[in-house]
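Structural characterization, general
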Amino acid sequence: MLAMNFRGPFRVRADRDRPYPEIEHPEDAIVRVLRTCICGSDLHLYHGLVPDTRVGSTFGHEFIGEVVEIGSAVEKLTVGDRVMVPFNIACGKCAFCKQELYGNCHEANPGATAAGGIFGYSHTAGGYHGGQAEYVRVPYADVGPTVIPEWMDPDDAVLLTDVVPTGYQAAEMGGIQPGDTVVVFGAGPIGIMAAKCAWLFGAGRVIVIDELDYRLDFVKDYAQCEVYKFTELEDPVVFLKQTTDSLGADVCIDAVGCEAAGNTMNTLLGRKLLLQGGSTTALHWAINGVKKGGIVSIVGVYGPIDALVPIGNVVNKGITIRANQASVKRLLPRLIEHVKNGIIDPKAIITHRIPLEEVAEGYHIFSRKLDNCIKPVLIPPSA
Ligand SMILES: NC(=O)c1ccc[n+]([C@@H]2O[C@H](COP(=O)([O-])OP(=O)(O)OC[C@H]3O[C@@H](n4cnc5c(N)ncnc54)[C@H](O)[C@@H]3O)[C@@H](O)[C@H]2O)c1
Ligand SMILES: [Zn+2]
Ligand SMILES: [Zn+2]
């Protein structure tokens, strides 16, 4: 079959001779992929920042498709169902899944202490092949996959597998109180959704900070928020104090993660020399820009090793930090309703539709932020 094939940092290609996935466990299903996205998280793999990303692996944790085969123990799905598949691989039975912490399943990635299982996200996240392929094996098929409602546009459905739940959870973890000033660092797909969702929790003011004009222009309109370019602010932290009566923001959301720009030392230590678990610039700004007693919500991804953050300020300001991989399955019922009622329009962020055969070009465009790219969707030839 045709699938994306990782050859090393900055080198991916589409190969036609990749083996078809097979049922390996009675609870597996095989899904024929109809849409799959490239995510900011895939860029961390593509840029060689995620440990144990093996040559020959297929990325892709955002996909929808049609069930073409089921294992003997699968009860909730039938062949022909069209499903959205959460990016988390979760057993549904362990202590963490029982708390609906589907991003922290204890069974899907038994070799690890931190990360749960994620499709197409290196052996650090379980070593599962991903959905940037014509077909994909879906473990625990009765747990994650959710039948796509008849009325739902497939472009909306594919964004419900990660982007919308992650943005929503970023806002949710912020514990936003009515009237709060919420600052979102990052105007990528995740930051855009976090800004949009902040209003649903009662924010009184939403500010988004990035350096890319085209993304800031988009989110300003899409999420009706204020936008600022950090390259035009002398110091984003000082600016945040100035615009909040010297107090700081009530809630800061890090929707940037380990590849943050804006500070040469962090870029050098975290992205070039790999001496810390990523560049912590946005997180630094979030901690220092939030008010005393405020909340910092982190959905940006960082590596497992130590990273420099102003932990003394966290203690002395009494900040609450909340962070996690999004628990997609937990959030799907309410987010499906929000899409149905027109409260969230996920597909509006899609800027590029790229044949899976041109996956290398897709990564290049999205990685370099060319052609005003916000969210690229890959379409397999068999879709
Ligand atoms: N926790 C989860 O479940 C989860 C799920 C999906 C994605 N993520 C993570 O969320 C992050 C964002 O994903 P995305 O798809 O939107 O990525 P993206 O690469 O499209 O967007 C990141 C944005 O951050 C901006 N940026 C860089 N440095 C900045 C800084 N110092 N301050 C403000 N903005 C800055 C970039 O210009 C870019 O627009 C990534 O780290 C990704 O891995 C987490
Ligand atoms: Zn993703
Ligand atoms: Zn589990």
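We now turn to the structure provided with this report. (Residues numbered from 1 in each chain as written. Chains lettered and ligands numbered in written order. Predicted model: local features only at pLDDT ≥ 70, side-chain atom pairs only at ≥ 80, totals over all residues. Heavy atoms only, no water.)

The strand order across the open sheet formed by 6 strands is β12-β11-β10-β13-β14-β15, and the pairing between neighbours is parallel. Each having just a single partner strand, β12 (226-229) and β15 (320-323) make up the two edges of the open sheet. The sheet shows a mean angle of 20 degrees between the axes of neighbouring strands, taken without regard to direction. Relative to β15, strand β14 (residues 290-298) runs parallel, the two being bridged by 4 bridges. (Pairing = 2+ DSSP bridges. Helix = DSSP H or I, 4+ residues; strand = E, 2+ residues; numbered from the N terminus. Axes fitted to C-alpha atoms, helices over the stretch in contact; angles between N-to-C directions.)

Further remarks concern a nonpolar patch on the surface. Residues L268, L273 and L275 make up a contiguous nonpolar surface patch of about 300 Å² in total accessible area. Here L268 is to be found in helix α8 (residues 264-272). With relative accessibility at 43%, the residue L268 sits in the partly exposed group. (Patch = residues over 30% accessible without salt bridge, like charges linked within 9 Å, V, L, I, M, F, W, Y side chains within 5 Å. Areas by Shrake-Rupley, 256 points an atom, 1.4 Å probe, with all protein chains shown as cover. Salt bridge = Lys/Arg side-chain N within 4 Å of Asp/Glu carboxyl O. Buried < 20%, exposed > 50% of the residue type's maximum accessible area, 1.4 Å probe, protein only.)

This brings us to the pattern of salt bridges. Following the criterion strictly, the structure yields 18 salt bridges and no others. In this structure, D52 and R54 form a salt bridge, with 2.8 Å as the shortest nitrogen-oxygen distance. Assessed through its relative accessible area of 38%, D52 is described here as partly exposed. Here D213 ties to K229 by a salt bridge, and the two come within 3.1 Å at their closest N and O atoms. One end of the pair, D213, is in helix α6 (residues 213-222); the other, K229, is in strand β12, with 16 residues separating them in the sequence. In this structure D213 comes out as partly exposed when scored by relative accessible area, which is 42%.

Turning our attention to unusual backbone geometry. Even without being glycine, E100 reaches a positive phi, approximately 65 degrees. Among the secondary structure elements, E100 is positioned in the loop between α2 (95-98) and β7 (117-118). A positive phi is found at S246, a non-glycine position, where the angle reads about 70 degrees. Following the sequence through the fold, S246 ends up in the loop between α7 (236-242) and β13 (249-254).

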